[in-house]
Amino acid sequence: MVDNNDRDALNALDSRLKNARDHVQDPLNQPGAEKAEKGGALGLAFRVSVEIVSAVAIGVGIGWLLDGWLETTPWLMVVFIVLGFAAGILNVYRLATGFGYAAGYTERDEQAGDKAGTDEGN
Amino acid sequence: MAAGQSPLAQFEIKPLIPMKLGEIDISFTNSSVFMVVTVVSISLFLIMGMRRAQLVPGRWQSMAELSYVFIANLVRDTVGTQGRPYFPFIFTIFMFVLVGNLWGMVPYSFTFTSHIVVTFTMAFVIFIGVTIIGIVKHKLHFLTFFMPPGVPIYMAPLLIPIEIISYLSRPISLSVRLFANMLAGHTLLKVFAGFVISLGIAAGWLPLVFIVALTGLEIVIAFLQAFVFAILTCLYLNDALHLH
């Protein structure tokens with residue numbers, strides 16, 4: 001498969017890469033790289049608010065539908081708004097504890113959470 | 001202020017070729033135009049980039065391979081080897097959102113990802129698909145997803161509704177995140193562009209400088225949101241495939 005032409009090209013690429021690596025700092029080792037990767041504090045704040053609002057919206061929707069069906073207006077909506085808020089807090093808790101976006105507190109997540117616990121969540 | 005100068009005028013859907021299917025309006029709109037442009041440019045980018053595939057890639061081939069490897073690694077890291085059948089779907093979603101966002105950065109273009117109907121449709125398809133995968137793979141065992149292990153049984157009536165709401169909120173938070181980021185960014189750009197004109201030569205350069213910085217930020221957000229969309233799809237898929 002690899003003929004001489006390709007090997008020459010590979011060697012040339014190798015030396016060019018080496019040359020380029022000597023001149024460029026590893027971007028991951030530069031200060032601020034970690035912050036940019038996480039999208040910054042504003043991105044985190046936005047994600048947290050979206051999680052809470054969407055969970056409450058689902059709670060309102062379920063409550064409204066059940067109220068219409070069972071004719072219990074407005075009691076089930078009140079209950080489901082509270083549950084929706086709890087679900088939103090749960091989402092945020094999962095977002096904040098180690099494993100980034102994952103949902104469900106599972107054994108796998110707990111292990112991952114322990115491992116990722118040092119990097120300040122995601 | 002004329003209608004065309006409103007910061008929100010850029011999001012207006014304009015039917016170009018009116019079509020009707022029964023009562024449903026299926027017109028070909030400016031949004032559709034940019035979806036077609038996006039799909040065509042992705043296809044050209046990948047097919048032309050790989051047309052003369054070489055062992056030592058050129059710049060173009062390198063970019064095409066980079067995008068492939070990026071998503072392949074993302075799927076492998078978050079879902080594992082079981083995620084391989086779903087790679088084409090996740091790659092498609094990522095490229096579609098990314099290139100759609102980037103086309104939106106071109107002046108006078110239309111950003112279809114700034115419409116909740118577009119992002120929600122994608123998120124809803126992902127949500128339904130992932131749920132079906134979970135049910136097919138685990139049958140009734142899938143329902144244990146809503147009852148975390150190690151929780152006392154008397155907590156179930158409270159926790160199960162919370163878990164179900166948390167699960168149902170996924171497509172909403174997934175779609176709202178992308179849509180709101182694009183909507184807010186493009187509105188902000190337009191508002192500050194309006195300031196440039198109204199402040200004139202005296203102080204107009206100040207918002208102009210801000211717009212330059214904001215344009216850079218918007219391009220970062222275009223990449224970041226496409227990445228977030230893809231990684232969340234992977235994580236939902238991972239939950240469905242592996243449950244607990």
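Residues numbered from 1 in each chain as written. Chains lettered and ligands numbered in written order. Predicted model: local features only at pLDDT ≥ 70, side-chain atom pairs only at ≥ 80, totals over all residues.

Undergrad: How should the overall build of chain A be read in this particular structure?
TA: Helix and strand counts for chain A come out as five helices and zero strands. Counted over contacts in chain A with a minimum sequence separation of 6, partners at least 24 positions apart contribute 43%. (Helix = DSSP H or I, 4+ residues; strand = E, 2+ residues; numbered from the N terminus. Contact = placed C-beta atoms within 7 Å.)

Undergrad: Looking at this structure, how should I read the overall build of chain B?
TA: Each helix and strand counted, chain B has six helices and four strands in total. Start at the N end of chain B and walk to the C end: the helices and strands fall as β-β-β-β-α-α-α-α-α-α. Along the longest, intermediate and shortest principal axes, the C-alpha atoms of chain B span 70 × 55 × 45 Å. In chain B, which comprises 244 residues, the proportion classed as buried is 30%. (Buried ≥ 20, exposed ≤ 12 C-beta atoms within 10 Å, placed from the backbone.)

Undergrad: Would you mind going over the interface of chain B and chain A with me for this structure?
TA: The partner chain A presents 27 residues to the 20 residues of chain B that form the contact. Residue assignment for the side of chain B that touches chain A shows that the elements contributing at least two residues are α5 (156-203) and α6 (205-242) of chain B. It is α5(B) that contributes the most residues to the side of chain B that touches chain A, ten residues altogether. The class makeup of the residues in the side of chain B that touches chain A is 14 nonpolar, four polar and two charged. (Nonpolar A, V, L, I, M, F, W, Y, C, P; charged D, E, K, R; others polar.)

Undergrad: Any chance you could explain helix α3 (residues 87-104) of chain B here in plain terms?
TA: Residues separated by three or four positions in an α-helix point in the same direction, a consequence of the helix having 3.6 residues per turn. All names here are of chain B. Along its 18 residues, α3 runs 25 Å from first to last C-alpha, staying within 8% of the 26 Å computed at 1.5 Å per residue. Taken as a whole, α3 has its buried residues at I90, F91, I93, F94, M95, F96, V97, L98, V99, G100, N101 and G104. Buried residues along α3 sit against α1 (30-49), α2 (59-78), α4 (116-138), α5 and α6. (Expected span 1.5 Å × (residues − 1).)

Undergrad: Help me out: how do you make sense of the packing of α1(B) against α3(B) in this one?
TA: To characterise two packed helices, one gives the angle between the axes of the helices and the distance between these axes. Residues and elements named next belong to chain B. In the contact formed by α1 and α3, the axes pass within 9 Å of each other and the chain directions differ by 115 degrees. In this structure, α1 meets α3 at a crossing whose hand is right-handed. Counted together, F34, V37, T38, S41 and I42 of α1 and M95, F96, V99, G100 and W103 of α3 form the full contact between these two elements. Considering only residue class, the contact of α1 with α3 consists of seven nonpolar, three polar and no charged. (Axes fitted to C-alpha atoms, helices over the stretch in contact; angles between N-to-C directions. Left-handed = near helix turned anticlockwise from the far one by under 90°.)

Undergrad: Before we go on, may I ask you to explain the nonpolar core in this structure?
TA: Taken as a class, soluble globular proteins show a tendency for nonpolar side chains to be buried jointly. Of all hydrophobic cores here, the largest spans 46 residues; its most connected members are I90(B), F94(B), V97(B), F229(B) and A230(B). The set of elements that each furnish at least two residues to this core consists of α3 (40-70) and α4 (75-96) of chain A together with α2, α3, α4, α5 and α6 of chain B. Top contributing element to this core by residue count: α6(B), with eleven residues. Those residues within four positions of V97(B) in sequence are excluded, and the remaining contacts are T113(B), L178(B), Q225(B), A226(B) and F229(B). (Core = buried A, V, L, I, M, F, W, Y, C linked by C-beta atoms within 7 Å.)

Undergrad: Got a minute to help me understand the confidence of the model for chain A in this structure?
TA: Any segment with low pLDDT has predicted coordinates that should not be analysed in fine detail. Residues and elements named next belong to chain A. For chain A, per-residue confidence averages 73 on the pLDDT scale, and residues scoring 70 or more make up 64% of the total. For chain A, per-element mean pLDDT is lowest for helix α5 (residues 107-116), which scores 40, and highest for α4, which scores 90. Of the regions scoring below 50 in pLDDT, residues 30-37 engages in four contacts with residues more than four places distant in sequence or in other chains. In the predicted structure, residues 100-122 sits below a pLDDT of 50 and forms 31 contacts with residues beyond four places in sequence or in another chain. (pLDDT = per-residue confidence, 0-100.)

Undergrad: Is there a simple way to think about the environment of F85(A) in this case?
TA: All names here are of chain A. Along the chain, F85 turns up in helix α4. Between the alpha carbons of F85 and G68 there is a distance of 21 Å; along the sequence they are 17 residues apart. Residue contacts for F85: discarding those within four places in its chain leaves V56 and G59.

Undergrad: Explain unusual backbone geometry here, please?
TA: What is expected of a backbone is that most residues other than glycine have negative phi and most peptide bonds are trans. In this structure, P74(A) follows T73(A) across a cis peptide bond, with omega equal to -5 degrees. Relative to the assigned elements, P74(A) resides in the loop between α3 and α4. Within the chain, K139(B) stands out as a residue other than glycine whose phi angle is a positive 50 degrees. Looking at the element boundaries, K139(B) is found in the loop between α4 and α5.

Undergrad: Please clarify how the environment of S62(B) should be interpreted in this entry.
TA: Looking at the element boundaries, S62(B) is found in helix α2. In sequence terms S62(B) and G49(B) are 13 residues apart; their C-alpha atoms lie 8.1 Å from each other.

Undergrad: Would you take a moment to explain the confidence of the model for chain B for this structure?
TA: On average, chain B scores 90 in pLDDT, and the residues at 70 or more come to 98%. Across the assembled chains, the prediction reports ipTM 0.76 with pTM 0.81.

Undergrad: Help me understand helix α1 (residues 4-23) of chain A, please; the structure alone is not making it clear to me.
TA: With 20 residues, α1(A) extends 29 Å between its outermost C-alpha atoms, agreeing within 8% with the 28 Å of an ideal straight helix rising 1.5 Å per residue. Summarising burial for α1(A): zero of the 20 residues are buried, a small minority.

Undergrad: What is the right way to look at the packing of α5(B) against α6(B) in this model?
TA: Residue and element names in this part refer to chain B. At their nearest, the axes of α5 and α6 sit 10 Å apart, and the two run at 175 degrees to each other. Judged by the inter-axis angle, α5 sits roughly antiparallel to α6. Within the contact of α5 with α6, the residues separate by chemical class into 21 nonpolar, three polar and three charged. (Parallel < 35°, antiparallel > 145°, perpendicular 65-115°, else oblique.)

Undergrad: Quick question: what am I supposed to make of the environment of E65(B) here?
TA: Assignment of secondary structure puts E65(B) in helix α2. With 65 residues separating them along the chain, E65(B) and V130(B) place their C-alpha atoms 27 Å apart.

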